[in-house]
Amino acid sequence: MNGSDLLTGRQLEPTSLGRYFAWTPPSPSPLFAKERRTESKAQRPRLFHSVPTPFKEEAKTKRVFLTPKESPFPPPKKATHWSTFFSPFSRKSVSEETILLEFKSSVLDPSGVLSSWNSSENPNHCTWFGVSCNSRSRVISISIPGGCGGNFTAGCSRCSSKLSRFPFYGFGLRRRACSKGRLVGSLSPLVGKLTELRVLSLAFNDIGGEIPLEIWGLENLQELDLEGNSLTGKLPDDIVGLRNLRVLNLGFNELEGGIPGSLSKFVDLEVLNLAGNKLKGSMPGYFGGFYMLKGLYLSNNQLNGPILENFGRNCRYLEHLDLSGNCLVGRIPGSLGNCRRLRTLLLFSNMLDGVIPNELGQLQELEILDVSRNKLNGLIPAELGNSVRLSVLVLSNLFDHVLSSRLPLATTDEHNRFRGSIPMTTTTLPKLRILWVPRANLEGKLPRNWSGCENLEMVNLAKNNFSGEIFGVFDGCKKLQHLDLSSNRLTGQLDDKLPVPCMSLFDISGNFMSGSIPRFNYSVCLGFSSLSYELLQTRDLSSAYLSFFTYKTQLAMLLPFSGSKAVLVHNFGGNNFSGSLPRLPIASMRMVDQIDYAFLAGGNKLTGSIRSLFGNCNKLHGMIANVSKNRLSGHIPLGIGAICRSLRYLDASKNQITGIIPQSFRDLKSLVFLDLSGNKLRGSIPEGLHQLKHLKHLSLASNNLTGFVPSSFARFRSLEVLELSPNSSSGEIPGGRAYPRNLSSLQLSNNKLSGETPSGFSNMKSPVTGSLPLNANAVNHTGVHEKPFLHSHHVFPLSIRSGNTTTHTEGAESGAASPSGNTTDNQSLDSIEVVSITSASATVLVLLVLGVLFFYTRKWVPPSRVQVSESRGITAFVDIGVPLTYETIVQATGNFSAGKCIGNGGFGATYKAEISPETVVAVKRLAAGRFQGVRQFHAEVRTLETMRHPNLVTLIGLLGTSETHATTGVAGTFGYVAPEYAMTCRVSEKADVYSYGVVLLELISDKKALDPSFSAHANGFNIVSWACMMLRQGQANDVFTTRLWENGPHDQLMELLYLAITCTVENLSTRPTMRQVVHQLKQIRPSSEG
């Protein structure tokens, strides 16, 4: 196997590059030359490694135990760990074959990947798997990428569970074919003795521990590829080798710390991948000096600060730039327009603000641009029309880019708010496949004719303010598969030339469209695609976006799809369509039994017979229909169980349907949801419905039903919602107390029933006429993504297991909301409480008490730190009508008991003291050991003595000290202190801004700066790290307390979170001043209306 370039794939030259570098351990230092220690092995530091025995062919090993004093090496530097290979023969030349065998012995190889590494059976180590040599039999390449247990064709990155959650990561990286298994263990330091090594590639194995320092000393190494392992530690601050390094790929490990300046030595670097680690700090300025750089991948870290303007000054070869999934702030630099070869630019999921720079229009090679989930504003630049190769343009996105088991309903992380409309130049892009700009504040009319749409496949302009007609706009878009124009202000009629029958998704819901739903003219489709549940495994980034949006869209619908490989959804709901109910608008070529089809037309003025809905039902694998709130009439076909066997969901509520409920409903074995409420049905409820083992929701309310409720209802196993009121049913409640165990909502009121209340519902005031609300899984039909009639009233887990039926919705908790009328006053949170956060914050951490008594108490501390001579006298500034003494304070605070403690701050704890039944004060006790803040404390006291303001507390009195001596350490509480202050002890006004950001995060999350829940993470993980992590993972709503999030205005809460994160960025030039913070808080304040 020959070594090759990670990005370009070209072969590496076998000749030596750079000076020859042979590393030999130095002579023992006198400092370490003392007598050997005699402790037992259990007492010694266990600095041992497997040492090959050179007298045997096999890789048998012996253990050598050394203490630091025995080491032949100098003492380690600060970041050094005792992981160096020691051998009695270290002063002699170690054969490269021995080094390779040592590497083999340091890892577990359960799949036998290194089975050929056997000197007995295969004495030529240059022929061993993954090893390449030059003409002198010197090892120049070790390339052993991990695998999937025998699957040689799958991409190695897809074998990693970590990487599988990031569908847009790593495009542009060339990866080698997988091996048949993975190596587990650590990287042997002896590899550093392979002085001719040019390629070290162990990607997608399970290599842990730190990268040995010896690896960083390899002088001739050109490619270091350890992607997708479990490496820990920090990048070294000092690197002595790697002068010829062109590829550094350490993506998706567990590296911590910042990006050190030592990397600036890699002046010939072409690929730098540090994505998917735990790196903090800002982007180094020297990145702008990597003249040869082709790919830079820093996504999914904890980086903050700005993208420096100088980055784009020397980027003539840069093709791929991925900075997504961090906490970057500031503007997108216009200098990126100089990166003329740039093909992918991924900046999503940061906190970037300002406008999209016009200079990006200079990128004529650009194929993918994703700037979604930031805080961008302004006009969409018309210059983007000059990027003629642009294939994917994502300017906003309500879906989190990270794949997880959570339902994709969290839409709060998108704060791009543009002005104006889609530029006309965008509609002429000849290669554009995806335009994705939902909920971005766009307005105006759609371009009259989308002239450059011959390759257009996916358009999402939902939840904007577009107006006017769409007639003729998309006529020429023959490949259009996904068109979402929902929740705008569009008017007029639909064009029968629209390729709706060929579309996997067509959504015009929530507009003001009128006229009839036409018989679209398409019977033959140019291409066949659908809303596939499975993500497409592809290394083409535009296809990955197509697959991702398709996948997320289907999951977000919360409809009971059957698990078929393809889904079609046509949504006409919530408009003013009239005329007869049309035949299902599906092209005949798509009428195959592996298709699930959803026809959603609720909330219109459609007329005609309900029978026409079921014409082609049996040609589908699964049928979902919502025609509620129309004017449909006629009878439900008596043989519906035979003519529509694929029916899974039917909402025909609030129409004018007459006749009886057919007995054949019991034959619809896949039925999950049935709502026939609000019609004119008569007769009795048919027997046998309990046989529908997947039925979860049954509503027959508000009809003219009579007769008995079938006794078999007590045998329902899956039913969760049963609504039978009001009707005229009579007799006893079937089953008495033994009702279905999964039932969460039962409505029987306004009938003529009698008998015992079902078990679990005995708390109803009227067991016969009462009703219970839905549980927490109930949502209003417009609640999910604000799309009316996309689904009906309720969201429920669909745990169907039968034959070829699978479940796609993984739970509905993310989309749940409390039912109307089920929220008490003390559970609600109105805008007053949100205002209290912002207004209190604007006064910059004022104390929320009516009076404060400051005094000092003395406990023993080392004499060198502080000396206090205590005085018991209280100096009173305000007469509160009650005598104050030290003894009364001690008594009122329970001798400063923990139960009376109401807070802790930089100077000590604050206690609640009830001096008399009507007099409560707060007592600030300055803690011993914190007298370094005495000057600041005195300044606060003087301020409170002299100033009177509604937002400032009243200082009542002071128990003083006659003498204090403060130390000169850093004043402040750990977790609140700005990084630059902790490092340099230099105070600036922006250090307080950092502390304020921490406190604001505490306010909205109810967590502490160093909350115990953070202990599972790495050292130094605090509330700032946590909040950034939640933002990157698309879980920003989880930063807030449940009560605050459920009742507060989401947009303003998110603005508070972004403000707090901006206050805590490490880059001082980016961190706002307190004046700017106050100004922003005033803008965030919710309106008092309503």
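Treat the numbers as computed from the prediction; the structure is a model and nothing was measured. Within every chain, residues take consecutive numbers counted from 1 along the sequence as written. Local features in this predicted model are restricted to residues whose pLDDT is 70 or higher, and side-chain atom pairs enter the listing and the counts only when it is 80 or higher, whereas totals over whole chains, interfaces and linings include all residues. Based on all heavy atoms of the structure, the side-chain values leave hydrogens and waters out of the count.

Asker: What's the story with the sheet that holds strand S22 (residues 375–379) in this structure? I'm lost.
Answerer: Two modes of strand pairing occur in sheets, parallel and antiparallel, and in both the strands are linked by backbone hydrogen bonds. Between any two strands, pairing holds if DSSP finds at least two bridges. Helix and strand assignments follow DSSP, with helices taken as H or I runs no shorter than four residues and strands as E runs no shorter than two, numbered in order from the N terminus. On the basis of which strands lie adjacent, the open sheet formed by seven strands has the order S12-S14-S16-S18-S20-S22-S24 and parallel pairing. Looking at strand neighbours, the two that pair on one side only are strand S12 (256–257) and strand S24 (417–419), the edges of this open sheet.

Asker: Would you explain the packing of helix H9 (residues 989–1005) against helix H12 (residues 1050–1063) in this entry?
Answerer: For any two helices packed against each other, the geometry comes down to the angle between their axes and how far apart the axes lie. Relative orientation of the contacting elements H9 and H12 amounts to 145°, with a least axis distance of 7 Å. Helix-helix and strand crossings are classified by hand; for H9 and H12 the assignment is left-handed. Residue-level contacts link Val993, Tyr994, Tyr996, Gly997, Leu1000, Leu1001 and Ile1004 of H9 to Leu1056, Leu1057, Leu1059, Ala1060, Ile1061 and Cys1063 of H12. Of the residues assigned to the contact of H9 with H12, the class counts are twelve nonpolar, one polar and no charged. Here an axis means a line fitted to C-alpha atoms, over the contact stretch when the element is a helix, while the angle between two N-to-C directions is reported on a 0 to 180 degree scale. Note on convention: near helix rotated counterclockwise from far helix by under a right angle means a left-handed crossing. Clockwise means right-handed. The criterion used for residue contact is that any of the two residues' heavy atoms lie within 4.5 Å. Residue classes follow a fixed rule: Ala, Val, Leu, Ile, Met, Phe, Trp, Tyr, Cys and Pro count as nonpolar, while Asp, Glu, Lys and Arg count as charged, and any other residue, Gly among them, counts as polar.

Asker: Would you take a moment to explain the pattern of salt bridges for this structure?
Answerer: When the charged atoms of two side chains with opposite charge come close together, those side chains can pair. In the sections that follow, a salt bridge refers to a side-chain nitrogen of Lys or Arg positioned within 4 Å of a carboxyl oxygen of Asp or Glu. All told, the structure shown has 13 salt bridges when counted by the stated rule. Between Glu365 and Arg389 there is a salt bridge, with the nearest N and O atoms lying 3.3 Å from each other. Of this pair, Glu365 sits in the loop between strand S20 (351–354) and strand S21 (368–370) while Arg389 sits in the loop between S22 and strand S23 (392–394), and the two are 24 residues apart along the sequence. Partly exposed residues are those whose accessible area sits between 20% and 50% of the maximum for their type, while under 20% is buried and over 50% is exposed, using a 1.4 Å probe and protein chains only. Of the residues examined, Glu365 reaches a relative accessible area of 34% and is grouped as partly exposed. The exposure class assigned to Arg389 is partly exposed, which follows from its relative accessible area of 38%. Here the salt bridges share partners, and the residues they tie into one network are Arg136, Glu196 and Arg198.

Asker: I tried to follow the packing of aromatic side chains on my own but got confused; where do I start?
Answerer: Any aromatic ring pair is given by two values, namely how distant the centres are and how the planes are angled relative to each other. Here is the rule: rings of Phe, Tyr and Trp (six-membered ring for Trp) pair when centre to centre is within 6.5 Å. Planes less than 30 degrees apart are stacked, more than 60 are edge-to-face, and the remainder are tilted. A complete count under the given rule lists 24 aromatic pairs for this structure. Both rings, one in Phe168 and one in Tyr545, keep their centres 3.9 Å apart while their planes meet at 10°; by these two values the pair is stacked. You can see Phe168 sitting in the loop between strand S5 (139–143) and strand S6 (184–186) and its partner Tyr545 sitting in helix H3 (residues 541–556), a full 377 residues away along the chain. Each member of the pair, Phe168 as well as Tyr545, carries the same accessibility label: buried.

Asker: Before we go on, may I ask you to explain H9 in this structure?
Answerer: Residues that lie three or four places apart on an α-helix share one face, since the helix turns once every 3.6 residues. Over its 17 residues, H9 runs 25 Å from end to end, which matches the ideal 24 Å to within 8%, given 1.5 Å per residue. Counted residue by residue, H9 has 14 buried out of 17 residues, so it is predominantly covered. Helices are assigned an expected span. That span is 1.5 Å times one less than the residue count.

Asker: Please explain the confidence of the model for the protein chain as it appears in this structure.
Answerer: Detailed reading of predicted coordinates is not advised where the pLDDT is low. The predictor attaches a confidence to each residue, and that confidence, scored 0 to 100, is pLDDT. In the predicted model, the protein chain carries a mean pLDDT of 75, and 69% of its residues have values of at least 70. Counting interchain partners and residues more than four positions distant, the pLDDT-below-50 stretch residues 962–971 has 23 contacts.

Asker: What is the right way to look at the environment of Gly957 in this model?
Answerer: Residue position: Gly957 is located in strand S52 (residues 954–961). Here Gly957 falls in the buried class, since its relative accessible area comes to 1%. Sequence separation between Gly957 and Asp879 is 78 residues; the distance between their C-alpha atoms is 9.1 Å.

Asker: Is there a simple way to think about the nonpolar core in this case?
Answerer: General note: in soluble globular proteins, nonpolar side chains tend to be found buried as a group. If you look at the biggest cluster of nonpolar residues, it comprises 163 residues, and the most contacted ones within it are Phe572 and Leu613. Within the residue set of this core, elements represented by two or more residues are helix H1 (96–105), S5, helix H2 (213–216), strand S33 (566–571), strand S35 (595–600), strand S37 (622–626) and strand S38 (647–651). With four residues, the single largest contributor to this core is H1. In this structure, Val329, Val998, Ala1060 and Ile1084 belong to the second largest nonpolar core, which totals 43 residues. The criterion is simple. A nonpolar core is a set of buried Ala, Val, Leu, Ile, Met, Phe, Trp, Tyr and Cys residues joined through side-chain atoms within 4.5 Å.

Asker: Please explain the sheet that holds strand S10 (residues 230–231) as it appears in this structure.
Answerer: Taking strand neighbours across the sheet as the criterion, the four strands line up as S3-S6-S8-S10 in an open arrangement whose pairing is mixed. At either margin of the open sheet sits one strand with a lone partner, and together these are strand S3 (107–108) and S10. With three bridges joining them, S6 and strand S8 (residues 206–209) adopt parallel strand pairing. Considered in S8, the bridge of Ser186 is made with Gly208.

Asker: Help me understand the state of the cysteines in this model?
Answerer: Disulfide: a covalent bond connecting the sulfur atoms of a pair of cysteines. Any pair of cysteine sulfurs within 2.5 Å is marked as a disulfide. The tally for this structure, following the rule as stated, stands at four disulfides. Residue pairing for Cys315: its cysteine sulfur links by disulfide to Cys339, the two sulfurs lying 2.0 Å apart. On the S-S bond that ties Cys315 to Cys339, the torsion sits near -95°, and the link is left-handed. Here the residue Cys315 occupies a position in the loop between strand S16 (302–305) and strand S17 (320–322), and Cys339 occupies one in the loop between strand S18 (327–331) and strand S19 (344–346), the gap between them amounting to 24 residues. Take Cys315 and Cys339: they sit in the same class, and that class is buried. Linked covalently through their sulfurs, Cys617 and Cys644 form a disulfide whose S-S length is 1.8 Å. On the sign convention where negative means left-handed, the S-S torsion of about 60° between Cys617 and Cys644 marks this disulfide as right-handed.

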